[in-house]
Structure formats: C-alpha cells, structure tokens
Amino acid sequence: FFCRMFVQVCLYFYCKCLWRCLKFVVRKLTGRCELQRICYNTKPGAARTMKIEASLKGSKSKRLQTSVSVHPDAIEKTIDDIMELKRINPDINPQLGVSLQACLLQIVGYRNLIAEVEKLRREPYDSENLQHEEMLLKLWKCLKPNSPLKARISKQWCEIGFQGDDPKTDFRGMGLLGLYNLVYFAEWDTEVAQQVLSDSLQPKYSNTRQYLDFNFLFFPPLSQFSKAEWEKKKFDKAIGYSFAIVGINITDLAYNLLVSGALKTHFYNVAPEAPTLTHFQQTFCYLMHEFHKFWIEEDPLDIMEFNRVREKFHKRILKQLQNPEMALCPHFAASESLINM
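Since the model is a prediction, treat every value here as computed from it, not as a measurement.

Conventions adopted
Residues numbered from 1 in each chain as written. Predicted model: local features only at pLDDT ≥ 70, side-chain atom pairs only at ≥ 80, totals over all residues. Heavy atoms only, no water. Phe/Tyr/Trp six-rings, centres within 6.5 Å; stacked < 30°, edge-to-face > 60°. Helix = DSSP H or I, 4+ residues; strand = E, 2+ residues; numbered from the N terminus. Buried < 20%, exposed > 50% of the residue type's maximum accessible area, 1.4 Å probe, protein only. Lys NZ or Arg CZ within 6 Å of the ring centre and 35° of its normal. Salt bridge = Lys/Arg side-chain N within 4 Å of Asp/Glu carboxyl O. Core = buried A, V, L, I, M, F, W, Y, C linked by side-chain atoms within 4.5 Å. Contact = heavy atoms within 4.5 Å. Expected span 1.5 Å × (residues − 1). Arc of directions from axis to C-beta. Axes fitted to C-alpha atoms, helices over the stretch in contact; angles between N-to-C directions. Left-handed = near helix turned anticlockwise from the far one by under 90°. Parallel < 35°, antiparallel > 145°, perpendicular 65-115°, else oblique. Nonpolar A, V, L, I, M, F, W, Y, C, P; charged D, E, K, R; others polar.

Trainee: Break down the packing of aromatic side chains for me, with residues and values.
Mentor: This structure, assessed with the given rule, holds 15 aromatic pairs. The interplanar angle of 65° and the centroid separation of 6.0 Å between the aromatic rings of Y110 and Y268 together place this pair among those described as edge-to-face. Note that Y110 is positioned in helix α6 (residues 94–122) and Y268 in helix α13 (residues 264–270), a separation of 158 residues in sequence. Here Y110 matches Y268 in class, with each residue buried. The interplanar angle of 80° and the centroid separation of 5.4 Å between the aromatic rings of F291 and F313 together place this pair among those described as edge-to-face. Within this pair, whereas F291 is found in helix α14 (residues 277–298), its partner F313 is found in helix α15 (residues 306–321), the two being separated by 22 residues in sequence. By relative accessible area, which is 1% here, F313 ends up buried. Here a set of aromatic residues connected by ring pairs shows up, and it is made of Y241, F291, F294, W295, F306 and F313. A cation sits over an aromatic face here: K264 above Y110, 5.7 Å from the ring centre.

Below, the structure written as structure tokens:
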C-alpha cells in the first residue's frame, strides 16, 4: 500500500512539476511550443490530432482546455486565441494555423458526431411517423427488390432477419440508429448487402448437390473461397443468422467503439476535417462485411455462439484501432489536402 502511494505521489509530482519544467526547457532550446513541435514533427492524421488533443486538454490554461469543445463556427477565432496565448507569430508560422485548424475540426467534429449518433439512438421507432415507415419500406425494397411486401405487418420480415411480423419491436435497443445504418448499407452498398443477406439465409446443412451448384452460380460467396471449399463449408459451417438482428447488434458495437473513443484512430485518419454521420455509416458497412467473413471463419456450432464470436470480433477491431495509422476502410482514406497539410 505504501509503495503504491509513493509511486502515485512521484507520478503526480512528475506530471505537475517535472513535466512542465521539461516542456519549458525544450521550448527555450528549440524556440517552439509543444503545439508547434507536434505539428512540425508528426505527420497529419490520428497521430498528430490525438497528440494535439492531449496537449490542449492537459494544458494549465483554461482557454486551451476548452478549445477542444468549442462550436465549429468558433474554431478560427479559437486558433487566433491559441496563437496569441502561445505568442506565435502567424505570419512567420502560417502553416501552423492551418494544421491546428484541421486538428480542431476533427476533435470538435468527433464530439458532435457522438451527440448526433446518441440522438438517433435515443429516438424510438414510431410506426405513426411517415418518415420512419418510408425508411423501413426502403430497407425491404433494397434487399428484396423482386419480392413485393404483401403487407406492413407480415411474416415476410423474417426473410431479411427480423424476429417477428413487425420490425419496429426489434429497434428498441438502438432506436432509429439501427434502422439508419441498415438502410444505408442496403442503399449504398446494395450488392454486398444482398450477398450478405443471401449467405446469412444458408442452412447449416444442404440436402442436394444441385442446390449448392445453383446457389454458387447465382449467389457467389463474399469470401475468397473456391467452389469446392464453399460447398464443403455449406455442409460444415453454421452460415445462418438473422441479418437485420445482427445489423442492429453491429450498430451497437460501432456505437460503443465511437463513444469509448476507439474510433478516433480511424476517423482522424479518414476524415480530412470533421467526421460525419456518413463516415460512421460507412464504418458500419465495413464492420458488417468483416463480421460476416469472421463468422464464417470462426466456424460456430450454431447461432447460440453469436455472443462469443461477436466479442472476439470486437477485440480484433479494438486491437487494430490501437495502431495510430489504422484506417478500417482504406477506400475512405483522407484526401490529398489532408496529406499535404
């Protein structure tokens, strides 16, 4: 107990005194403050933005601490305040202001994205709301374009992975956020969404080789398996799961990654400025695709192993996001303007 207390006192003394003294000495030697050193010595992206965020939050100045939570419209003035407080001449350091502005846009944008996502999550599905109903019907049309929905309350909803006749009851956990993500996936990544749905409907066992040949011909699997390998998997793997329910569950996973701050690495690397709801939905599409492949690779005995597979998948994503250069969706990479900033 006393050893632990001694270590904590030493750490406190180091953080409050020695670290500040060290920063003061370094500034005198280099002629640059910590913000300047970060911007000039760290390439743009998550590594730089996270260091800037930590520096501002850890500052003894209240003005610097609160700069990470200003309104987006106030960022330019905030940059001027920072330059003035740090006694940095903007004419001599023009690129510093640009770099700080990009970082603050990402930091503030991430906070605002959490608020926007949280608002959607808290809004319940309302069958009396025409907009909600239209989105739900759009989900069906995107996933089952050749199968008209016979009625709003119908067993057909089970065909895309809902639990009962009325999907509204399945949105209780994630509210409208679950529906928004599923519709985005089905509308903007239609081919992949339809393929994942088709694969998710496959039973653990198939009775005829003809069925396998037909299914492979018209619904080739997402993963890079040969036909023979896929046929074996049709016999050996528990492919089936409820598409919509899994989508809502993966929405919960994406939401937790966002709120915990784990997605900062990804968003700070892919969003040149403020990450938006679209970035979040694109990330959801990626997670759905990757979870589907992971489910097949894990070879679960049945759907009762879903929580085990999901938790293992969650840990894999968290480990990937620990890399400051990680971008979960490479095709959503930052623009050249960020790379050159």
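Trainee: Run through the pattern of salt bridges, naming residues and quoting values.
Mentor: Summed over all chains, the structure comprises 17 salt bridges. A salt bridge links E133 to R152; its shortest N-O distance comes to 2.7 Å. Taken together, the positions of E133 in helix α7 (residues 130–143) and R152 in the loop between α7 and α8 (175–188) put the pair 19 residues apart, joining distant regions of the chain. Within the structure, one salt-bridge network assembled from shared partners comprises E298, E305, R308 and K312.

Trainee: Could you give an account of the nonpolar core, naming the residues involved and the relevant values?
Mentor: Judged by nonpolar contacts, the single largest core of 83 residues is most densely connected at I52, L139, L179, F185, F280 and L287. The element best represented in this core is α6, accounting for 11 residues. In contact with F280, other than residues within four places in its own chain, are L113, V117, L177, N181, A254, Y255, L258 and F267.

Trainee: How would you explain α15 if you had to name every residue and give the values?
Mentor: Given a rise of 1.5 Å per residue, 16 residues ought to cover 22 Å, and the 22 Å separating the end C-alpha atoms of α15 matches this to within 8%. Residues F306, V309, R310, F313, H314, I317 and L321 constitute the buried set of α15. The buried residues of α15 occupy one face: seen down the axis, they fall within an arc of 140°. The exposed set on the far side of α15, more than 90 degrees from its buried face, consists of K315 and K319. Against α12 (243–260), α13 and α14 lie the buried residues of α15.

Trainee: I'd like a description of the packing of α6 against α12, backed by residues and values.
Mentor: Relative orientation and spacing of two packed helices are given, respectively, by the angle between their axes and the distance between those axes. Interaxial distance between α6 and α12 falls to 10 Å at its minimum, and their mutual angle equals 145°. In terms of crossing hand, the pair formed by α6 and α12 is left-handed. Two secondary-structure elements touch here, α6 through Y110, L113, I114, V117, E118 and R121 and α12 through Y255, L257, L258 and V259.

Trainee: Residues and numbers for the packing of α12 against α14, please.
Mentor: Look at α12 against α14: their axes get within 10 Å of each other, and the N-to-C directions meet at 125°. Classified by the angle their axes make, α12 and α14 are oblique. Seen along the crossing, α12 lies across α14 with a hand that is right-handed. Residue-level contacts link F243, V246, G247, I250, T251, L253, A254, Y255, L257 and L258 of α12 to F280, F284, L287, M288 and F291 of α14. Taken together, the residues that form the contact of α12 with α14 break down as 13 nonpolar, two polar and no charged.

Trainee: Can you tell me about the environment of L104, naming the residues and giving the values?
Mentor: Locating L104 in the fold gives a position in helix α6. Here L104 falls in the buried class, since its relative accessible area comes to 1%. Counting along the chain gives 34 residues from L104 to V70, while the straight-line C-alpha distance between them is 9.0 Å. Not counting residues within four places of it along the chain, the set of residues in contact with L104 comprises L56, S67, V68, I75, T78, I79, I82 and G109.

Trainee: Would you mind going over the environment of L321 in detail, with residue names and values included?
Mentor: Relative to the elements of secondary structure, L321 occurs in helix α15. According to the relative accessible area criterion, L321 is buried, its value standing at 4%. Taking the C-alpha atoms as reference, L321 lies 6.5 Å from A262; in sequence the two are 59 residues apart. Each residue touching L321, except ones within four places of it in the same chain, is listed here: L257, A262, L263, T265, H266, M326 and L328.

Trainee: Explain α8 to me, using residue names and the numbers behind them.
Mentor: Taking 1.5 Å of rise per residue, 14 residues should cover 20 Å, and α8 covers 21 Å from first to last C-alpha, within 8% of that figure. Of all the 14 residues making up α8, 11 are buried; the element is thus mostly covered by neighbouring parts of the structure. Along α8, the residues classified as buried are G175, L176, L177, G178, L179, N181, L182, V183, Y184, F185 and A186. Turning to α8, the residues buried within the fold contact α6, α7, α9 (190–200), α12 and α14.

Trainee: Explain the side chain of K264 to me, and be specific about the residues and the numbers.
Mentor: Its place among the elements puts K264 in helix α13. Relative accessible area serves as the criterion here: at 17%, K264 is assigned to the buried category. Ignoring any residue separated from it by four or fewer positions in sequence, one finds K264 in contact with A46, E53, K57 and Y110.

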